[in-house]
Every structure is written in C-alpha cells, then in structure tokens.
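# Residue-level structure breakdown
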Amino acid sequence: MNIMTEKSLEDAVNAEMNRPNEPIKMRGDQVTVHYGDKQALFGVNLDVRQNQVTALIGPSGCGKSTFLRCLNRMNDTIDSARVGGKITLDNEDIYDPKIDVVELRARVGMVFQKPNPFPKSIYENVAYGPRIHGLAKNKAELDEIVEKSLQKAALWNEAKDRLNEPGTGLSGGQQQRLCIARAIAVAPEVILMDEPCSALDPIATAKVEELIDELRENYTIVIVTHSMQQAARVSQRTAMFHLGYLVEEGPTDKMFTNPDDKRTQDYITGRFG
Ligand SMILES: Nc1ncnc2c1ncn2[C@@H]1O[C@H](COP(=O)(O)OP(=O)(O)OP(=O)(O)O)[C@@H](O)[C@H]1O
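Positions within a chain are numbered from 1, following the residues in the order the chain's sequence is written. Given that the model is predicted, a residue must reach a pLDDT of at least 70 before its local features are reported, and side-chain atom pairs must reach 80 or more before they are shown or counted; all residues, however, enter totals for whole chains, interfaces and linings.

## Quick word on the overall build of the protein chain
Quick reminder of the rule: Secondary structure elements are taken from DSSP: a helix is a run of H or I of four residues or more, a strand is a run of E of two residues or more, and numbering for both begins at the N terminus. Two things to know: the radius of gyration comes from C-alpha atoms, and the globule rule equals 2.2 Å times the number of residues to the power 0.38. Between the buried cut of 20 or more and the exposed cut of 12 or fewer other C-beta atoms within 10 Å of a residue's own C-beta lies the partly exposed class, and all C-beta atoms are placed from the backbone. Remark: residues whose backbone-derived C-beta atoms lie within 7 Å of one another are considered to be in contact.
Within the protein chain, the regular secondary structure consists of 11 helices and 10 strands. For a compact globule of 273 residues, the expected C-alpha radius of gyration is about 19 Å, and the protein chain comes in at 19 Å, within 12% of that figure. In terms of principal-axis extent, the alpha carbons of the protein chain reach across some 60 × 55 × 40 Å. Buried residues in the protein chain amount to 40% of all 273 residues. Once local pairs closer than 6 in sequence are excluded, the contacts in the protein chain between residues at least 24 apart make up 68%.

This is how it looks when you write it as structure tokens:
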C-alpha cells in the first residue's frame, strides 16, 4: 500500500509541477520603468526565491539591468528613471517612503560588471561597509568580519598576507572576488550581480561561478548574464526578457530544454540577440 503523508504529497505535487518550495524572498509586481519618455520595462511580474540563483537573460537592451537595479533602488540614482508597480523584500514594499535606502542596499547588495574596488587597501575595501553600518564594536570584531568575508568570497588565502596592499593591485578575478567580499561584509540577504564575469578570463570566471554556487547556501542571488552557459551552470531559475517584457520564467533546466515561448527558444539557440 502506498502511504503518503500530506507533506510528501505536497512535495510530489510540487516536483511534478516543477514548482519550488523555497519561500519568495523578493517579488516584482507589475514593475514598470521609464527613462524620461522612454519606457524600458512593461508590467514585469517576477518572484525571486530564497537561497536560489535566478538568472536574468535576454538580448541587449531588453531591460535585464534595469530590472536588477529596481531590486535595491539603484535606479533612484538615475535622474530620469521612474519606477512603477510594486517590489517587495520579505513582503515589505521597498519603495515605501519609510524605507531607509542605505539599509536596503546593505540587505540587497550589488556586484557590478567591472570589478570596482575603492582605491584603498584590501582590508579597507572590506571593512568600509561594516564600519559605516556600525557592525563591529572594536578592531578585533572588524578584523573578524574582514577575514570571514574574504573567506566566504574564496579570497582569503590569496589576500591574507597582503591585506594592507591596494585592492586595485589584485588581478581582475581577485578584484571581483574582493567586490563580492565587500558586498558580503555587511551581511546582505540578497546579492545582485550584473554580468559579474564579463571582464574576467575563463579561469577567473570558473572561480566566480563556483563561488556563486557556494554563496547560494546563505544568500539569495540574482544574476544578469549574456552567457547561456553561465545561466545554465549557476542558476536554478531563469527569467527571459525581451523588449522590456518578461517573456517567461521557470526552472533553468526546463527553460534551456523545453521553453514555452518561441522567443526563448530562438534566443537560447542563438537565433537572435
Ligand atoms: N540611464 C539610462 N537612461 C536612459 N535610457 C536607459 C538608461 N539605462 C538603460 N536605458 C535604456 O533602457 C533599455 C533597457 O536597458 P538595460 O540596460 O536595462 O538593458 P539590458 O538588457 O541590461 O541590456 P545589456 O544586456 O545591453 O546590458 C534600453 O533601451 C536602454 O537604452
């Protein structure tokens, strides 16, 4: 006799429907973005699930970076940008006037396309955020945050004997891992990555991809990438954008083997973009 508990039944149904059990960490609801008169995003509905890597793919100019920047209000820094719709973090509206944007950007950190360490020492690059957010009571605690962050970013072994040397003296791949350590140092919950490997060689890229997979255990990650292989390697969910619309979203293996929309099929097989 096949005895199924309510929980295992729910798991089986979820698996059958390819529906993940992870809670929703961030949700975009009818998100629109205008730059002046030009509309860049049209009613995007997208859930970002906790402890998963969500990849945003699509041809150049389709709005991937624009959507990513909505998730920690980086578009606020662009004068012409207007964001509509609703975006939540743990069910809380991040565009609510009560929200402290500095605090939001600590919870939802960002790693950019080009590694951009401050022109300061490796130590200072990582210590800066925790210091301004008051995360360490004394030097010993700050030292510990710096060490742990560099360890989590898989850079400690290479950096521990040169903490006082400039961050800009590291290789490109090391600099990108330093930027990841800097994001981690303020204990974020979500890390946004905008083509984090596009300036890196294949070996440095492989290291960062491996790191992304490890980071997923403790963080929720959203990554914009032009590389289909990278999206397939690092993400659990993939969202396909085209001309400012979200075309479809789903488990990465399904999106790359059996997408519902012809535009996704065309894009992943290199027919456009
Ligand atoms: N600061 C800005 N001011 C005006 N228009 C912008 C700005 N940033 C982006 N856009 C426009 O918004 C649209 C979406 O751009 P976005 O950078 O989000 O696309 P993308 O998919 O990330 O592109 P890419 O893959 O080339 O980085 C494009 O038409 C772009 O020209």
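Additional details are given in the paragraphs that follow.
## What about the site of the ligand?
What counts, and what does not: Here is the check we use: build the C-beta atom from the backbone, and if it is within 6 Å of the molecule or strand, call the residue near. Gly is put with the polar residues, along with every residue not named as nonpolar or charged; the nonpolar set is Ala, Val, Leu, Ile, Met, Phe, Trp, Tyr, Cys and Pro, and the charged set is Asp, Glu, Lys and Arg.
Around the ligand there are 13 residues in total, and Tyr35, Ala40, Ser60, Ser65 and Thr66 lie nearest to it. For the shell around the ligand, the elements supplying multiple residues, two or more each, are strand 2 (38-49) and helix 2 (64-70). When residues in the shell around the ligand are grouped by element, the largest group, three residues, is from helix 2. Its residues placed into classes, the shell around the ligand shows four nonpolar, seven polar and two charged.

## Things to note about helix 5 (residues 139-152)
In an α-helix, one turn spans 3.6 residues, which is why side chains three or four residues apart end up on the same side. Here is the rule: By this rule the span expected of a helix is its residue count minus one, scaled by 1.5 Å. To be clear, the arc concerns the directions from the helix axis to the C-beta atoms.
With 14 residues, helix 5 should cover 20 Å at 1.5 Å per step; its first-to-last C-alpha distance of 20 Å lies within 8% of that length. For helix 5, every residue scored as buried is listed here: Ile145, Val146, Ser149 and Leu150. Viewed along the axis of helix 5, the buried residues span an arc of 125°, placing them on a single side of the element. The exposed residues of helix 5 that point more than 90 degrees off its buried face are Ala140, Glu141 and Glu144.

## As for the sheet that holds strand 5 (residues 92-93)
The condition that has to hold: Two strands qualify as a pair provided DSSP detects at least 2 bridges between them.
Pairing in this open sheet of four strands is antiparallel, and the strands run 2-1-4-5 from one edge to the other. Of all strands in the sheet, those bounded by a partner on one side alone are strand 2 and strand 5. When strand 1 (residues 24-35) meets strand 2, the two strands line up antiparallel, connected through eight bridges. Its bridge partner being in strand 2, Val33 is matched across the sheet by Leu41.

## A short note on the nonpolar core
The cut-off we apply is this: Put simply, a nonpolar core is buried Ala, Val, Leu, Ile, Met, Phe, Trp, Tyr and Cys residues tied into one set by C-beta atoms within 7 Å.
The biggest cluster of nonpolar side chains holds 65 residues, and the ones touching the most others in it are Leu56, Ala181, Ile191, Leu192, Ile221, Val222 and Ile223. In terms of residue count, helix 7 (residues 172-184) provides more of this core than any other element does, six residues in total. Contact partners of Ile191, with chain neighbours within four places excluded, come to Gly109, Val111, Ala183, Leu215, Tyr219 and Ile221.

## Comments concerning the environment of Met26
Inspection of the secondary structure assignment puts Met26 in strand 1. With 25 C-beta atoms counted inside 10 Å, the residue Met26 sits in the buried group. Note: C-alpha distance between Met26 and Asn91 (65 residues apart in sequence) is 7.4 Å.

## A closer look at the UniProt feature "domain: ABC transporter" (unreviewed entry) in the protein chain
Put simply, the test is: UniProt positions are given in the numbering used here, feature names are shortened, and annotations may be inferred rather than shown by experiment.
In the numbering used here, UniProt assigns the "domain: ABC transporter" (unreviewed entry) feature to residues 26-268. From the first C-alpha to the last, residues 26-268 spans 26 Å; its make-up is 37% helix and 27% strand.

## Structural notes on the sheet that holds strand 6 (residues 108-111)
The pairing of strands in a sheet comes from backbone hydrogen bonds and takes either a parallel or an antiparallel form. Stated precisely, the cut-off is as follows: All axes are obtained by fitting lines to C-alpha atoms, using only the stretch in contact for helices, and the reported angles, taken between N-to-C directions, cover 0 to 180 degrees.
Read across the open sheet, the six strands follow the order 6-7-8-3-9-10; overall the sheet is mixed. Of all strands in the sheet, those bounded by a partner on one side alone are strand 6 and strand 10 (245-251). On average, each strand axis in the sheet is tilted by 20° relative to the strand beside it, whichever way the strands run. Here four bridges tie strand 6 to strand 7 (residues 190-194), and the two strands are oriented parallel to one another. Each bridged residue has a counterpart across the sheet, and for Met110 the counterpart in strand 7 is Leu192. Contacting strand 6 and strand 7, helix 7 crosses the sheet at an angle of about 170° to strand 6.

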